[in-house]
Amino acid sequence: MKIIAPSLLAADFGQLKQEIEMVNQSQADWLHLDIMDGVFVPNISFGMPVLEVVQKHSTKILDVHLMIMQPERYLADFQKLGANIITVHQEACTHLHRTLQQIKDLGCKAGVALNPHTPVSVLSDVLYCTDLVCLMSVNPGFGGQKFIENTYKKTKELKKMIIEANANTLIEIDGGVNADNISLLSEAGADVFVAGNFVFKSKNPLEVIQELKNKIG
Ligand code: DX5
Ligand code: ZN
């Protein structure tokens, strides 16, 4: 199944409950939550109090993307706040294998995100215990950036690695996803599509989510 995951980062935080309810009513499968620490990435987004509101109102699978250094310090907190999937950055983990095990021990799905400069080959020895790989198609830190075209190549390479390893890992694309690139990304092997600005800054987010979903079949 192909999955649409609207990114709450682009929502109107003055209307947080309504924005979450819009996603609840939509064809989206997951809700993507970007946590930034101002150290790993040059921006600070939102944290625990916002996730409490999300947990209270969302009916979707919560896909938590940690753009923070030493994410192992907070895994249990995010699990308690309702995270179904916890994704850490390969670049932020000294002991990535251990961190993935810790996520799984909490009962969550374990994801690894790769910055645009990080080759997919770094994951060859953890793919078997990775439920999701998030390919960053922009440099992490901000919504609304331009999609990096090299992502198609990385997606194809990663898909090949997953098939060869006989793994069930999902490929998620995060950054600059829109109605023009989503079909090609899907054909390249991607499974999960994060969309922030393209959904929340549109006139009719419900229709846009439906449009994206239709394009991935
Ligand atoms: C970027 C975040 C993305 C972001 C995507 O650092 O990880 O999830 O919200 O937003 P758009 O779709 O606007 O590029
Ligand atoms: Zn993200």
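Since this is a predicted model, take the numbers as computed values, not measurements.

A.B. asks: Where do I start with the packing of aromatic side chains in this structure?
C.D. replies: Given two aromatic rings, their pairing is described by the distance between the two centres and the angle made by the two planes. A full pass over the atoms with the stated rule returns two aromatic pairs. Where Phe13 meets Phe46, the ring centres are 5.6 Å apart and the plane angle is 45°; that geometry is what we call tilted. Pair noted here: Phe13 is in the loop between β1 (3-6) and α1 (16-25) and Phe46 is in the loop between β2 (30-36) and α2 (48-57), with a separation of 33 residues, a long-range link. You can call Phe13 partly exposed: its relative accessible area is 36%.

A.B. asks: Would you take a moment to explain the nonpolar core for this structure?
C.D. replies: Across soluble globular proteins, nonpolar side chains have a tendency to be buried as a group. One finds Leu8, Leu33, Val54 and Leu66 to be the most contacted residues of the largest nonpolar core, which totals 62 residues. Setting aside its immediate chain neighbours within four residues, Leu33 contacts Leu8, Phe46, Leu51, Val54, Leu62, Asp63, Val64 and His65. Ranked by size, the runner-up nonpolar core spans 11 residues in total, among them Cys134, Met136, Val192 and Val194.

A.B. asks: I tried to follow the site of ligand 1 on my own but got confused; where do I start?
C.D. replies: Of all residues adjacent to ligand 1, which total 20 residues, the nearest are Asp34, Gly141, Asp174, Gly176 and Gly196. His32 places a side-chain nitrogen or oxygen 3.4 Å from an oxygen atom of ligand 1. Between ligand 1 and the protein, one listed contact pairs an oxygen atom with a backbone N or O atom of Gly141 at 2.8 Å. For ligand 1, whose free accessible area comes to 390 Å², the fraction covered by protein is 99%. Every element with two or more residues in the shell around ligand 1 is listed here: β2, β3 (61-67) and β8 (192-195). Of the residues forming the shell around ligand 1, the biggest block, three residues, is contributed by β2. Residues belonging to the shell around ligand 1 are distributed by class as follows: eight nonpolar, 10 polar and two charged.

A.B. asks: Any chance you could explain the pattern of salt bridges here in plain terms?
C.D. replies: Pairs can form between side chains of opposite charge once their charged atoms are near each other. A full pass over the atoms with the stated rule returns five salt bridges. Note that Lys17 and Glu21 form a salt bridge whose closest N and O atoms lie 3.7 Å from each other. Of this pair, Lys17 and Glu21 both sit in helix α1, four residues apart, which is roughly one turn of the helix. According to the relative accessible area criterion, Lys17 is partly exposed, its value standing at 41%. A salt bridge links Glu164 to Lys160; the nearest nitrogen and oxygen atoms lie 3.5 Å apart. Within this pair, Glu164 and its partner Lys160 are both found in helix α5 (residues 151-164), separated by four residues, close to a single helical turn. In terms of burial, Glu164 and Lys160 fall into one category: exposed.

Scoring rules and cut-offs
- Residues numbered from 1 in each chain as written.
- Chains lettered and ligands numbered in written order.
- Predicted model: local features only at pLDDT ≥ 70, side-chain atom pairs only at ≥ 80, totals over all residues.
- Heavy atoms only, no water.
- Phe/Tyr/Trp six-rings, centres within 6.5 Å; stacked < 30°, edge-to-face > 60°.
- Helix = DSSP H or I, 4+ residues; strand = E, 2+ residues; numbered from the N terminus.
- Buried < 20%, exposed > 50% of the residue type's maximum accessible area, 1.4 Å probe, protein only.
- Core = buried A, V, L, I, M, F, W, Y, C linked by side-chain atoms within 4.5 Å.
- Contact = heavy atoms within 4.5 Å.
- Near = heavy atom within 4 Å.
- Polar contact = N/O pair within 3.5 Å; in protein donor to acceptor, adjacent residues only side chain to side chain.
- Areas by Shrake-Rupley, 256 points an atom, 1.4 Å probe, with all protein chains shown as cover.
- Nonpolar A, V, L, I, M, F, W, Y, C, P; charged D, E, K, R; others polar.
- Salt bridge = Lys/Arg side-chain N within 4 Å of Asp/Glu carboxyl O.

The quantities given are spatial measurements derived from coordinates; they are silent on function.
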